[in-house]
Amino acid sequence: MTEQRDDASERNASERVPDDGPHGRGTQHLVLVGLMGVGKSTIGRVLAERLGTRLVDSDDLIEEQTGKTVREIFLSEGEPAFRRLEQQVLLDALAAEEPLVIAAAGGVVLDEGNRRALRESGARVVWLVASLDTLVDRVASGGHRPLLDDDPRGALARMMDDREALYREVADALVTVDCRSVNLVVEAILR
Ligand code: S3P
């Protein structure tokens, strides 16, 4: 995995990604992974615009397909049902022939099959990373994040511990977002 933080590693990263298509390496998808609040949807939107590709935003698509909000699905059908929908959206997106930007929901790495699919798809997987303070500042209460209802800082801290190795397992590159504008993060991803 490349860490696109400093000049040396950024040079390294651009050497690894031949510029032969909108995302490098032909018709490859670009997948953003990372914890809630890191900015996957916002950064994904700008990236898709820059690359002229479609954005698949996991949570938005689940809500569109089911006619229910993520919160309603968690409450009425439970987390396992939500995770099955999350998996279907991920696998469908990875199977698409057109190159996509995919803003994967934060929990997508929890499932071993999803991690394998990400690794085997040939997609370029970028792990967006932020400090706990940044994440806590950014996650709004309510909305599509029922897992953060009670104690957002505690829940995010636990997820950071539990999921770090899982994000690392699927990621081709790591980009930190703390103190960086959306445009700077997009530049770092495209470098
Ligand atoms: C979750 C992340 C959320 C949403 C759900 C569960 C998670 O998406 O899918 O609340 O377990 O990390 P975002 O990562 O887009 O906030």
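Residues numbered from 1 in each chain as written. Predicted model: local features only at pLDDT ≥ 70, side-chain atom pairs only at ≥ 80, totals over all residues. Heavy atoms only, no water.

> In this structure, what is going on with the site of the ligand? I would like to understand it.
If you check the shell around the ligand, you find 13 residues, and the closest are Lys40, Asp59, Arg83, His144 and Arg163. One nitrogen or oxygen atom from the main chain of His144 is found 2.7 Å from an oxygen atom belonging to the ligand. The contact in question runs from an oxygen atom of the ligand to an N or O atom on the side chain of Arg163, over 2.7 Å. Within the complex, 98% of the 380 Å² of free accessible area of the ligand lies under protein. (Near = heavy atom within 4 Å. Polar contact = N/O pair within 3.5 Å; in protein donor to acceptor, adjacent residues only side chain to side chain. Areas by Shrake-Rupley, 256 points an atom, 1.4 Å probe, with all protein chains shown as cover.)

> Looking at this structure, how should I read the pairing of strand β5 (residues 124-129)?
If a strand is regular, its side chains alternate between the two faces of the sheet. With respect to burial, β5 is a largely interior element, six of its six residues being buried. Covered by surrounding structure in β5 are Arg124, Val126 and Leu128 together with Val125, Trp127 and Val129, the residues of both alternating faces. With four bridges joining them, strand β2 (residues 30-33) and β5 adopt parallel strand pairing. Bridge assignment links Val33 to a residue of β5, and that residue is Trp127. Pairing geometry for β5 and strand β6 (residues 173-176), over four bridges, is parallel. (Buried < 20%, exposed > 50% of the residue type's maximum accessible area, 1.4 Å probe, protein only. Helix = DSSP H or I, 4+ residues; strand = E, 2+ residues; numbered from the N terminus. Pairing = 2+ DSSP bridges.)

> Sorry, what's going on with the nonpolar core here?
Nonpolar side chains in soluble globular proteins tend to be buried together. Counting residues in hydrophobic clusters, the biggest one holds 54 residues, and the most contacted among them are Val31, Val33, Ile43, Leu47, Leu128 and Ile189. Sort the elements by how many residues they give to this core and helix α8 (residues 152-170) lands first, with six residues. Setting aside anything within four residues of it in sequence, one finds Ile43 in contact with Leu32, Val38, Leu128, Val177, Val182, Val185, Val186 and Ile189. (Core = buried A, V, L, I, M, F, W, Y, C linked by side-chain atoms within 4.5 Å. Contact = heavy atoms within 4.5 Å.)

> Where do I start with the packing of aromatic side chains in this structure?
The description of two aromatic rings rests on the distance between their centres and on the angle between their planes. Counted under the stated rule, the structure contains two aromatic pairs. Plain terms: the ring middles of Phe74 and Phe82 are 4.8 Å apart, the flat faces sit at 35 degrees to each other, and that makes the pair tilted. Across the pair, exposure class does not vary: Phe74 and Phe82 are buried alike. (Phe/Tyr/Trp six-rings, centres within 6.5 Å; stacked < 30°, edge-to-face > 60°.)

> Hey, could you run me through the confidence of the model for the chain in this one?
A residue-level look at the chain finds 85% of positions with pLDDT of 70 or above and a mean pLDDT of 88. Scored below 50 in pLDDT, residues 5-26 makes 37 contacts in the model with residues more than four places away or belonging to other chains. (pLDDT = per-residue confidence, 0-100.)

> Help me out: how do you make sense of helix α2 (residues 40-51) in this one?
One turn of the α-helix equals 3.6 residues, which is why residues spaced by three or four share an orientation. Here α2 spans 16 Å end to end across 12 residues, near enough to the 16 Å set by a 1.5 Å rise per residue. Among all positions in α2, only Lys40, Ile43, Gly44, Leu47, Ala48 and Leu51 are buried. Projected down its long axis, α2 shows its buried positions confined to an angular sector of 135 degrees, all on one face. For α2, the elements touching its buried residues are β2, β3 (54-57), β4 (100-103), β5 and α9 (182-190). The first or second residue beyond α2 is Gly52, which carries a positive phi of 70 degrees. (Expected span 1.5 Å × (residues − 1). Arc of directions from axis to C-beta.)

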